[in-house]
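Structural characterization, general
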Amino acid sequence: MINLRHVEVFYAVMRTGSVTHAARLLNVTQPAVSVTLRQFETRLKLRLFERTAGRLVATPEARRLMPHVGEIFGRLDAIERMSQDLAHGVLGSFSVAATPPLCDGLVVNCVAQFARKRPHVSVGIQATVSSTVVDRVISGEVDLGVVFEPVVSAAIDVEELAMATIGCVMPSKHRLARKRSIEMSDLIGERLITYLPHALLRPYIDHLLGDLKGALQFQVLCGHSSTAIALATEGAGLALIESTLFRARSHPGFVLKPLKPTMNLKILLLRPIRAARSNVIEDFVQMLRERSTQA
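Residues numbered from 1 in each chain as written. Predicted model: local features only at pLDDT ≥ 70, side-chain atom pairs only at ≥ 80, totals over all residues. Heavy atoms only, no water.

**Structural notes on the overall build of the protein chain**
Rules: Numbering of helices and strands starts at the N terminus; helices are DSSP runs of H or I of at least 4 residues and strands are runs of E of at least 2. Between the two quantities, the radius of gyration covers C-alpha atoms and the globule rule is 2.2 Å times the number of residues to the power 0.38. Only protein chains enter the accessibility calculation, which uses a 1.4 Å probe. A residue is then buried if its area is under 20% of the maximum for its type, exposed if over 50%, and partly exposed in between. Every residue pair with non-hydrogen atoms within 4.5 Å of one another is taken to be in contact. Here the positive residues are Lys and Arg and the negative ones are Asp and Glu; neither His nor the chain ends is included. By convention, the charge on Lys lies at NZ, on Arg at CZ, on Asp at CG and on Glu at CD.
Within the protein chain, the secondary structure is distributed over ten helices and twelve strands. Over its C-alpha atoms the protein chain spans a radius of gyration of 32 Å, topping by over 25% the 19 Å that the globule rule assigns to 295 residues. Dimensions of the protein chain, computed from C-alpha atoms along their principal axes, come out at roughly 105 × 40 × 25 Å. Taken over 295 residues, the protein chain has a buried fraction of 42%. A fraction of 73% describes how many contacts in the protein chain between residues 6 or more apart in sequence connect residues 24 or more apart. Charge-centre separation for the protein chain: the mean point of 35 positive side chains lies 6 Å from the mean point of 26 negative side chains.

Laid out in structure tokens, this is it:
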């Protein structure tokens, strides 16, 4: 039976033109090369080389075989190059799901940067509600999830990426824009935008309101931070939302002011427990860590 060592020795002799040079290339002895060549000829039942005036000369049969053998080693070289690319995160694929404000801000920014640096890496990205993100991470439908707290599941590895806050989006020329932070009482008399009662982040807003809940005018309620920002930039009022999406996008003429007292919420990275972690995924996770601390 032909094995790869036979083919490797034959290929080395054909490329170098001598047993001596082939042995040096393969880092073996000349007798070892000669023995392997004879074994290969016996397996093939072909004479591959003749000695003419002390030189090794390939037979026509050997020359006919050479292109096919070259293809084998070309494929091996391609496998080696691909393995190196995979090892260094140049090739590969992964998928990530995130809750909409984190998907459209932090995750999109990281995926765009990653795609520019790694054009041969395939990325799947989807925005969906936190509970669905958790389910898809548990089931292995996605490799990574990015959500706001809380997440309680023994089937998921949870890592805190960063801390977001609740802030107020307003025109940069608004009377309150001069203040370093906004107290809830400052918002009395303002038209306000925030989340619908069933939205994940609404409890944070309600906690901030405290006894002022009846004194503030919430004119527009919506489901997503992106909608609230769009409404604010269209003049519908001041938006009380989480901070990450606004900071991830340029909004000329508008600012996000922190609220007082500060209301923090954790940004969490989710991964299936005991899942294999490729180099390309680890590189993306590191980018998420770095980018989230800058947000």
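So much for the structure itself; the text now carries on.
**Let's talk about the state of the cysteines**
We count it as follows: The disulfide criterion is simple: two cysteine sulfur atoms within 2.5 Å.
Counted according to the given criterion, the structure contains zero disulfides. In this model Cys168 remains outside any disulfide bridge; the closest cysteine sulfur is found in Cys222, 13 Å from its own.

**Overview of unusual backbone geometry**
The peptide bond linking Glu149 to Pro150 adopts the cis configuration, its omega dihedral lying at 0 degrees. Mapping Pro150 onto the fold places it in the loop between β5 (144-148) and β6 (156-171). With an omega dihedral of 5 degrees, the bond running from Lys260 to Pro261 counts as a cis peptide bond. Of note, Pro261 is situated in the loop between β11 (254-260) and β12 (264-272). Even without glycine at this site, Asn27 takes up a positive phi of about 60 degrees.

**Some words on the packing of helix α1 (residues 4-16) against helix α3 (residues 30-44)**
Test applied: Each axis is a line fitted through C-alpha atoms, taken for helices only over the stretch in contact, and angles between the N-to-C directions span 0 to 180 degrees. Here the angle decides the label: under 35 degrees means roughly parallel, over 145 means roughly antiparallel, 65 to 115 means roughly perpendicular, and every other value means oblique. For any pair of crossing helices, the crossing counts as left-handed if the nearer helix is rotated counterclockwise from the farther one by less than a right angle, and right-handed if it is rotated clockwise. Gly is placed with the polar residues, together with every amino acid not listed as nonpolar (Ala, Val, Leu, Ile, Met, Phe, Trp, Tyr, Cys and Pro) or charged (Asp, Glu, Lys and Arg).
At their nearest, the axes of α1 and α3 sit 9 Å apart, and the two run at 115 degrees to each other. Classed by the angle they form, the pair α1 and α3 counts as roughly perpendicular. The two elements α1 and α3 meet at a crossing, and its hand is left-handed. Only Val33, Thr36, Leu37, Gln39, Phe40 and Arg43 of α3 make contact with α1, whose side of the interface consists of Arg5, His6, Val7, Val9, Phe10 and Val13. The residue makeup of the contact of α1 with α3, split by class, is seven nonpolar, three polar and two charged.

**With respect to the nonpolar core**
What counts, and what does not: Buried Ala, Val, Leu, Ile, Met, Phe, Trp, Tyr and Cys residues form a nonpolar core when they are joined through side-chain atoms within 4.5 Å.
Counting 60 residues, the largest nonpolar core has Val146, Leu187 and Ile267 as the members making the most contacts within it. Excluding its chain neighbours within four sequence positions, the residues that come into contact with Leu187 are Cys168, Leu176, Ile182, Leu192, Leu216, Leu238 and Leu240. Core analysis: the next-biggest nonpolar cluster, separate from the first, contains 22 residues, Leu26, Leu48, Val69 and Phe73 among them.

**Considering the pattern of salt bridges**
Note that side chains of opposite charge can pair when their charged atoms are close. Put simply, the rule is: By definition, a salt bridge exists where a carboxyl oxygen of Asp or Glu is found within 4 Å of a side-chain nitrogen of Lys or Arg.
Enumeration according to the criterion identifies nine salt bridges in this entry. Residue Arg5 pairs with Glu8 through a salt bridge whose shortest N-O separation is 2.6 Å. Of this pair, Arg5 and Glu8 both sit in helix α1, three residues apart, which is roughly one turn of that helix. Assessed through its relative accessible area of 35%, Arg5 is described here as partly exposed. With its nearest N and O atoms 3.0 Å apart, the salt bridge here joins Glu190 to Arg175. Placement of the pair is Glu190 in the loop between β7 (182-183) and β8 (191-195) and Arg175 in the loop between β6 and β7, with a sequence separation of 15 residues.

**Digging into helix α8 (residues 225-233)**
Residues lying three or four places apart along an α-helix face the same way, a consequence of the helix completing one turn every 3.6 residues. Filter applied, for reference: The directions from the helix axis to the C-beta atoms are what the arc is built from.
Residues of α8 that are buried: Ser225, Ala228, Ile229 and Ala232. Axial view of α8: buried residues confined to an arc of 100 degrees, hence all on one face. Of the residues flanking the end of α8, it is Gly235, one or two places downstream, whose phi is positive at about 90 degrees.

**Section: helix α2 (residues 19-26)**
Applicable threshold: Pairs of N or O atoms are called polar contacts if they sit within 3.5 Å, as long as, within protein, a hydrogen donor faces a hydrogen acceptor (for residues adjacent in sequence, only side-chain-to-side-chain pairs).
Those residues of α2 that fall on the buried side of the exposure criterion are Val19, Ala22, Ala23 and Leu26. Buried residues of α2 fall within an arc of 100 degrees about the axis and therefore sit on the same side. Buried-residue contacts for α2 involve α1, α3, β1 (49-52) and β2 (55-58). With a side-chain oxygen positioned 3.0 Å from the backbone nitrogen of His21, the residue opening α2 is Ser18. Positive backbone phi, approximately 60 degrees, marks Asn27, located one or two places after α2.

**Quick word on the packing of aromatic side chains**
Here the distance between the centres and the angle between the planes together describe a pair of aromatic rings. We apply this condition: Only centres within 6.5 Å qualify two rings of Phe, Tyr or Trp (six-membered ring in Trp) as a pair; their planes then separate them into stacked at under 30 degrees, edge-to-face at over 60, and tilted for everything else.
What the rule picks out here adds up to five aromatic pairs. Geometrically, the ring pair formed by Phe10 and Phe40 is tilted, given 5.6 Å between the ring centres and 55 degrees between the ring planes. Of this pair, Phe10 sits in helix α1 while Phe40 is found in helix α3, placing the two residues 30 residues apart along the sequence. Phe10 gets classed as buried once you look at its relative accessible area, which sits at 0%. Judged by relative accessible area, which is 4%, Phe40 ranks as buried. Between Phe94 and Phe284, the ring centres sit 4.7 Å apart and the planes meet at 40 degrees, which makes this aromatic pair tilted. Here the residue Phe94 occupies a position in strand β3 (residues 92-98), and Phe284 occupies one in helix α10 (residues 279-294), the gap between them amounting to 190 residues. Each member of the pair, Phe94 as well as Phe284, is classed as buried.

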